[in-house]
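Architecture and fold: a report
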Amino acid sequence: MVVVLGMALLGAILGAMAARKRNGSGADIAQYAAGYGIAFSLVGLILSLIIVRLIS
């Protein structure tokens, strides 16, 4: 669970930074943060499942 939340937070930060770099408005920054956050949380979920399967 921590991996998923950590990856979602990392994705949201990276998405916001990407939108700021492209001089996006507030709505652009929020949309990029949400999109990256969702994508990174899915990757985190897969990583979490792999880790659990390898340990047990």
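Scroll up a little and you will see the structure.
As a starting point, this report considers the structure included with it. Along each chain, residue indices are assigned from 1 in the same order as the chain's sequence is written. For this predicted model, a pLDDT threshold of at least 70 governs which residues receive local features, and a threshold of 80 or more governs which side-chain atom pairs are given and counted, while totals over whole chains, interfaces and linings are taken from all residues. Values reported for side chains reflect all heavy atoms of the structure, with hydrogen atoms and water molecules removed beforehand.

**A word on the side chain of serine 41**
To qualify as a helix, a DSSP run of H or I must reach at least 4 residues; to qualify as a strand, a run of E must reach at least 2; elements of each kind are numbered from the N terminus. If you trace the backbone, serine 41 turns up in helix α2 (residues 26-55). It only takes one pair of heavy atoms within 4.5 Å for two residues to be counted as in contact. What serine 41 contacts, discounting residues up to four positions off in sequence, is Val4, Met7 and Ala8.

**Section: the packing of helix α1 (residues 2-21) against α2**
Axes, fitted as lines to C-alpha atoms, cover a helix only where it is in contact. Angles between the N-to-C directions of the axes lie from 0 to 180 degrees. It is at 6 Å that the axes of α1 and α2 come closest, and there the two elements cross at 150°. Looking at the two axes, α1 sits roughly antiparallel to α2. Here α1 runs over α2; the crossing is right-handed. Within the contact of α1 with α2, the residues separate by chemical class into 18 nonpolar, 6 polar and 2 charged. For classification purposes, an angle smaller than 35 degrees is called roughly parallel, one larger than 145 roughly antiparallel, one from 65 to 115 roughly perpendicular, and anything else oblique. By the definition used in this description, the sense in which the near helix is turned from the far one sets the handedness, with an anticlockwise turn below a right angle giving left-handed and a clockwise turn giving right-handed. In this classification, the charged set is Asp, Glu, Lys and Arg, the nonpolar set is Ala, Val, Leu, Ile, Met, Phe, Trp, Tyr, Cys and Pro, and all remaining amino acids, among them Gly, are polar.

**Regarding a nonpolar patch on the surface**
Where nonpolar side chains cluster on the molecular surface, the patch consists of Val3, Val43, Leu47, Ile51 and Ile55 and spans about 420 Å² of accessible area. Looking at the nonpolar patch element by element, the count peaks at 4 residues for α2. Relative to the elements of secondary structure, valine 3 occurs in helix α1. Given the relative accessible area of 32%, valine 3 is considered partly exposed. Only residues whose relative accessible area exceeds 30% and that form no salt bridge are eligible for patches; like-charged ones are grouped when within 9 Å, while nonpolar side chains (Val, Leu, Ile, Met, Phe, Trp, Tyr) are grouped when within 5 Å. Using a 1.4 Å probe, the Shrake-Rupley method yields the accessible areas, and only the shown protein chains count as cover for residues. Basic side-chain nitrogens of Lys or Arg form a salt bridge, by our definition, when they fall within 4 Å of a carboxyl oxygen of Asp or Glu. In this scheme, a residue with accessible area under 20% of its type's maximum is buried, one over 50% is exposed, and one in between is partly exposed, where area comes from a 1.4 Å probe on protein chains only.

**Digging into the packing of aromatic side chains**
Centres within 6.5 Å are what make two rings of Phe, Tyr or Trp a pair, Trp counting through its six-membered ring; a difference in plane orientation under 30 degrees is then read as stacked, over 60 as edge-to-face, and the rest as tilted. Scanning the entire structure with this criterion turns up 2 aromatic pairs. Seen from their ring centres, tyrosine 36 and phenylalanine 40 are 6.4 Å apart, and the 10° between their planes marks the pair as stacked. Remark: phenylalanine 40 and tyrosine 36 occur in helix α2; sequence separation between them is 4 residues, near one turn of the helix. One aromatic cluster is present, built from ring pairs that chain together Tyr32, Tyr36 and Phe40.

**Examining the environment of serine 25**
Position of serine 25 among the secondary structure elements: in the loop between α1 and α2. Judged by its relative accessible area of 40%, serine 25 is partly exposed. Sequence spacing of serine 25 and phenylalanine 40 is 15 residues, and the spatial spacing of their C-alpha atoms is 22 Å.

Taken by themselves, the reported measurements are silent on function.
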